Amino acid sequence: MTEKKYCPQTGKVCYSCKQAEATVSFFKKARGNHGKIGKNIPTRIYLCKFCGEYHLTHFRNKR
């Protein structure tokens, strides 16, 4: 497993476009299990203007 890289400006985890899309896709497919897989559910990706890498936006799971 590789070490996570963080954006020096925002402190968020950096992803390649492919990694970010795969992560969001995984959580969308596991929609019924949100209570079991974590509190924050990634919903979309965006390109960071500071580091040029991709980050995830999350939906807060209230379960």
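Quantities reported herein were computed from a predicted structural model and do not represent experimental measurements.

Rules used in this analysis
- Residues numbered from 1 in each chain as written.
- Predicted model: local features only at pLDDT ≥ 70, side-chain atom pairs only at ≥ 80, totals over all residues.
- Heavy atoms only, no water.
- 1 Å grid on protein atoms, 1.4 Å probe; cavity = no way out; pocket = protein on both sides within 12 Å on 5 of 7 lines; lining within 4 Å.
- Points joined across faces, edges and corners; volume = space filled by probe spheres on them.
- Nonpolar A, V, L, I, M, F, W, Y, C, P; charged D, E, K, R; others polar.
- Salt bridge = Lys/Arg side-chain N within 4 Å of Asp/Glu carboxyl O.
- Helix = DSSP H or I, 4+ residues; strand = E, 2+ residues; numbered from the N terminus.

1. Notes on the layout of surface pockets
Picture a little ball the size of a water molecule; that probe, rolled over the atoms, points out where space is still empty. In this structure, the largest pocket encloses a volume near 190 Å³. Forming the walls of the largest pocket are 10 residues, and the residues nearest its centre are Thr2, Glu3, Lys4, Tyr15 and Gln19. When the residues that make up the lining of the largest pocket are grouped by side-chain class, the tally is four nonpolar, three polar and three charged.

2. Some details on the pattern of salt bridges
Under the criterion given, the structure shown has one salt bridge. Put simply, Glu53 and Lys5 hold a salt bridge, and the shortest N to O gap is 3.3 Å. Separated by 48 residues along the polypeptide, Glu53 in the loop between β1 (40-47) and β2 (54-60) and Lys5 in the segment before α1 (17-29) bring together distant segments of the chain.

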